[in-house]
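Take a look at the letters that make up each chain.
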Protein chains: 2
Amino acid sequence: MSRLAIKGATVVPMTGADAMIYGGEIGVEGNKIVFVGEAGTIPDNWGADEEIDARGMVAMPGFVNCHTHAAMTLLRSYADDLPLMEWLEQRIWPLEDRLTGEDVYWGTMLCILEMIKSGTTTFADMYFFMDEAARAVEKSGIRASLARGMIGVAPTAQLALEETERFIQKWNGSAGGRITTMVGPHAPYTCPPEYLKKVLALAEKFNVGIHIHLAETGAEVEDIRKQYGKTPIEYVNDLGVLDFPVLGAHCVHLTQNDIRILKEKKVGVAHNPESNMKLASGIAPVPQLLAEGVNVGLGTDGAASNNNLDMLEEMRSAALLHKVNTGDPTTIPSYRALEMATRNGGMVLGLADIGMIEPGYKADIILIDFTKPHLYPKHDIIAHTVYAAQSSDIDTVIIDGKIVMKNRKVITIDEQEVLANVQRCAGRLVGEK
Amino acid sequence: MSRLAIKGATVVPMTGADAMIYGGEIGVEGNKIVFVGEAGTIPDNWGADEEIDARGMVAMPGFVNCHTHAAMTLLRSYADDLPLMEWLEQRIWPLEDRLTGEDVYWGTMLCILEMIKSGTTTFADMYFFMDEAARAVEKSGIRASLARGMIGVAPTAQLALEETERFIQKWNGSAGGRITTMVGPHAPYTCPPEYLKKVLALAEKFNVGIHIHLAETGAEVEDIRKQYGKTPIEYVNDLGVLDFPVLGAHCVHLTQNDIRILKEKKVGVAHNPESNMKLASGIAPVPQLLAEGVNVGLGTDGAASNNNLDMLEEMRSAALLHKVNTGDPTTIPSYRALEMATRNGGMVLGLADIGMIEPGYKADIILIDFTKPHLYPKHDIIAHTVYAAQSSDIDTVIIDGKIVMKNRKVITIDEQEVLANVQRCAGRLVGEK
């Protein structure tokens, strides 16, 4: 197995708020971290195949984007600043109806390219034409948890179940384990009980988790209450959904009882502050969820409602939004925000061996160039990362032990090819001549 | 006078939401814009001394940062996530007491370096050792409105008045007009009526505007009410402060009557969403202010409470925060946010000839590299700028007709010299051996 040594970095292992190794080194064998420590930790005779001089850099676990719709990059800035239903019904859905597998491949590639360039090493995706999405993940070298979105009230309801089954059989555990899969029932308001039961049967059959939107908007809560006399969380819980490992996206509008259920059922929550802000969906009670011990990670949501895939920005927005919302500047301190973007995210996706720099963990490591003016002076590396760093400060990205970006050049993707194809696909979608 | 031509850019002149010139060109003579239009606008025989090939770039007015304390970059990430008074009294003020003129020079230089690299061409500063700040502005080529902060309840109250007088005499209109000055009474709660009257006498004597913090926190409003039986806005208005041109920073906690006063007195408001969020100060009623016709620009505040000087991020935060706060996703659409960061900002600083790309306006122009992955596909340039662009996309910055950054290299500042000195000064401040 190939051996990679990273030397001279300030290592932020995310094993504790005070854990920080100055002039540290990391040894990677195959796809795993085998050494982490101060200078001299890696034995002299270890024989690295490659060594990265990381002086001036900070090494930390790559970011985990817990919720996105990758190929929606094709719709970035196509429709903004509109009322939610007008945005969806008149702008987004008509275009999505015209998407082809090729569109999804290039849209997902653009998403992955942007994510790697901003330090994301793992993402959770829910969309369609998922074979194409998986091909993009396989080629690019990123890690992903993929789910075919399933809308029970759509004409494609049955097809989505069949595609999900085929998709899981084909891709779960593939790309050397980088690709895992979930079932992806869209949301309580689009999946009636009978449909959700079929979805659960699939999850049971293949022993996979469930990626679902939960309690995103006030309108959803009202609808489900009207239809079933309960909250969206109660609705899925009563159907047994939460007895599986669940990635619940958004969880904005929650009752005390909902929070109790999320905690008891160990639901992983994907908090998407920028999407929730931009669509005016509301503010999730994240400080309370964290205080109760619910595991909360961060996501960007799709690029049509963000409009970027920048996890540094998402951390910053989470930290700032909840401070002003609670009136308490000590809410979500910087280390907590970084935890949400790394360790917590891994757990939300059911991947227990990512999100820390520790022997035995997967080698998903980013190197941040801390020589930039906006990262001076050197008072606090964690606060700098969360409150001041930019995604363009990410210099090097290692995923599953392989260097996928070095000096900001992504090695696994032909950037110009992706951009040209994205522009072509997007042009066709919006009907350019 | 030297002539500069910019050709092949998509020009966003900020003269109206639909004004956009594809493949446009801009002619600059001396420090002024003389031509703007489609290809062929600049006469063939005009004879430019320099021509910039701006294909793939978007040209727009540089950003105006309406409120900062520049040298506080020295305290960036020194103290975060703390209760406001603990942060100020135990962390920030003790360090500020130890600042020297040299510290302020290098801290201001770092601030300017970061601002130029993120597309800011003009800023409003309130701090002390302002001769040093002005020297940094002069050398760096940026445009600034500078005010010596004055605290009426401090032992330095009288000194601040004298320094302000000397400072205005020495610097107002200097650096070829790039430097303008204001008087800077810190805030209603630090400036008693008798002191404010002396400040007004200076403003009148030198015919300059007033830069003041107003209604930043709930505690301030309560204090002023207790002391004077009125709101901070009413307090300064009753003293005649608002009869001068006023740059009011923050304006978070306002009554309907306050808003009426701000409108009637044509107060320019500097909205600092990220600082207000991070310090949990509150959310300014910006949509209502804009609807009432109050002029609102954007500011970052000092780097100790943000922790960067990134106006693209500030625009994005403003647009997102007010959407979720009002529950209306149409609030502060992207063009409005961009207007706040450019045209409105110029007016807040009393500089009527910046913030647009129009003949007769000052040549403060930025070129944004739109070939980055996160700016694909090309649906909407304004939405891309506000919701997706990063400050590292700023390629070229022209201020007062001079190129101060090209291909991301700042020409007027020795970056390494600044960083080394900043680290040295900050180390001494926090007592490193």
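Given the structure is predicted, the values throughout are model-derived calculations rather than measurements.

**Student:** An account of the overall build of chain A is requested, with residue identities and associated values reported.
**Tutor:** Broken down by element type, chain A carries 15 helices and 17 strands. Over its C-alpha atoms chain A spans a radius of gyration of 21 Å, differing by no more than 12% from the 22 Å that the globule rule assigns to 433 residues. Taking all 433 residues of chain A together, the buried fraction comes to 66%. Residue pairs in contact within chain A that sit at least 24 positions apart in sequence constitute 73% of those at least 6 positions apart. Roughly 14,400 Å² of accessible area belongs to chain A as shown, and the carbon and sulfur atoms make up 49% of that amount. Looking at chain A, you have 40 positive and 56 negative side-chain charges, and the mean spots of the two groups are 2 Å apart.

**Student:** Go over the packing of aromatic side chains with me, naming the residues and quoting the values.
**Tutor:** Under the criterion given, the structure shown has ten aromatic pairs over all chains. With a centroid separation of 6.0 Å and an interplanar angle of 55°, the aromatic rings of F128 of chain B and F129 of chain B are classed as tilted. Ring centres 4.4 Å apart and planes at 25° place the aromatic pair Y228 of chain B and Y235 of chain B in the stacked group. Among the aromatic residues, those joined into a ring-pair cluster are Y127, F128 and F129 of chain A. For the cation-ring pair, R91 of chain B lies above Y78 of chain B, with the distance from its terminal atom to the ring centre recorded as 4.4 Å. Note that K378 of chain B overlies the ring of Y376 of chain B, its terminal NZ or CZ placed 4.0 Å from the centroid.

**Student:** An account of the relation of the copies chain A and chain B is needed here, citing residue identities and associated values.
**Tutor:** One copy of the chain maps onto the second through a rotation around an axis plus a translation along that axis. Here chain A sits on chain B after a turn of 180° about the axis and a move of 0.0 Å along it, with an RMSD of 0.0 Å. Accordingly, the operation relating the two chain copies is best matched by a two-fold axis. Residues of chain A ranked by C-alpha distance from the rotation axis are headed by S392 of chain A, positioned 3.3 Å from it. Take the interface residues of chain A: 100% of them recur as interface residues in chain B, which is what a same-surface contact looks like.

**Student:** Requested: an account of the nonpolar core, with residues and values cited.
**Tutor:** Counting residues in hydrophobic clusters, the biggest one holds 277 residues, and the most contacted among them are F63, I116 and I365 of chain A together with F63 and I116 of chain B. Discounting chain neighbours no more than four positions away, the residues touching I365 of chain A are I6, I26, V28, I33, A59, M60, G62, I357, T396, V397 and I398 of chain A. If you look at the next biggest cluster of nonpolar residues, it comprises 21 residues, including I33, V36, I52 and L367 of chain B.

**Student:** Please provide a residue-by-residue account of the interface of chain A and chain B, values included.
**Tutor:** You'll often see interface size given as the accessible area lost when the parts meet. Every contact between the two is made by 60 residues of chain A and, on the other side, 60 residues of chain B. Across the chain A to chain B interface the summed buried area is about 4,600 Å²; carbon plus sulfur atoms make up 64%. Taken together, the connections running from chain A to chain B amount to four salt bridges. Between R316 of chain B and E313 of chain A there is a salt bridge whose closest N-O contact spans 2.6 Å. At the junction of chain A with chain B, the criterion picks out 27 residue pairs in polar contact (both at pLDDT 80 or more). Those elements giving two or more residues to the side of chain A that touches chain B turn out to be helix 2 (101-117), helix 9 (273-278), helix 11 (311-326), helix 14 (381-387) and helix 15 (415-429) of chain A. No other element matches the six residues that helix 11 of chain A contributes to the side of chain A that touches chain B. Of the residues assigned to the side of chain A that touches chain B, the class counts are 27 nonpolar, 18 polar and 15 charged.

Cut-off values and rules
- Residues numbered from 1 in each chain as written.
- Chains lettered and ligands numbered in written order.
- Predicted model: local features only at pLDDT ≥ 70, side-chain atom pairs only at ≥ 80, totals over all residues.
- Heavy atoms only, no water.
- Helix = DSSP H or I, 4+ residues; strand = E, 2+ residues; numbered from the N terminus.
- Rg over C-alpha atoms; globule rule 2.2 N^0.38 Å.
- Buried < 20%, exposed > 50% of the residue type's maximum accessible area, 1.4 Å probe, protein only.
- Contact = heavy atoms within 4.5 Å.
- Areas by Shrake-Rupley, 256 points an atom, 1.4 Å probe, with all protein chains shown as cover.
- Lys, Arg positive; Asp, Glu negative; His and termini not counted.
- Charge placed at Lys NZ, Arg CZ, Asp CG, Glu CD.
- Phe/Tyr/Trp six-rings, centres within 6.5 Å; stacked < 30°, edge-to-face > 60°.
- Lys NZ or Arg CZ within 6 Å of the ring centre and 35° of its normal.
- Least-squares fit on C-alpha atoms with pLDDT ≥ 70 in both.
- Core = buried A, V, L, I, M, F, W, Y, C linked by side-chain atoms within 4.5 Å.
- Buried area = accessible area lost by both parts, 1.4 Å probe.
- Salt bridge = Lys/Arg side-chain N within 4 Å of Asp/Glu carboxyl O.
- Polar contact = N/O pair within 3.5 Å; in protein donor to acceptor, adjacent residues only side chain to side chain.
- Nonpolar A, V, L, I, M, F, W, Y, C, P; charged D, E, K, R; others polar.

Shape descriptors only; they carry no functional weight alone.
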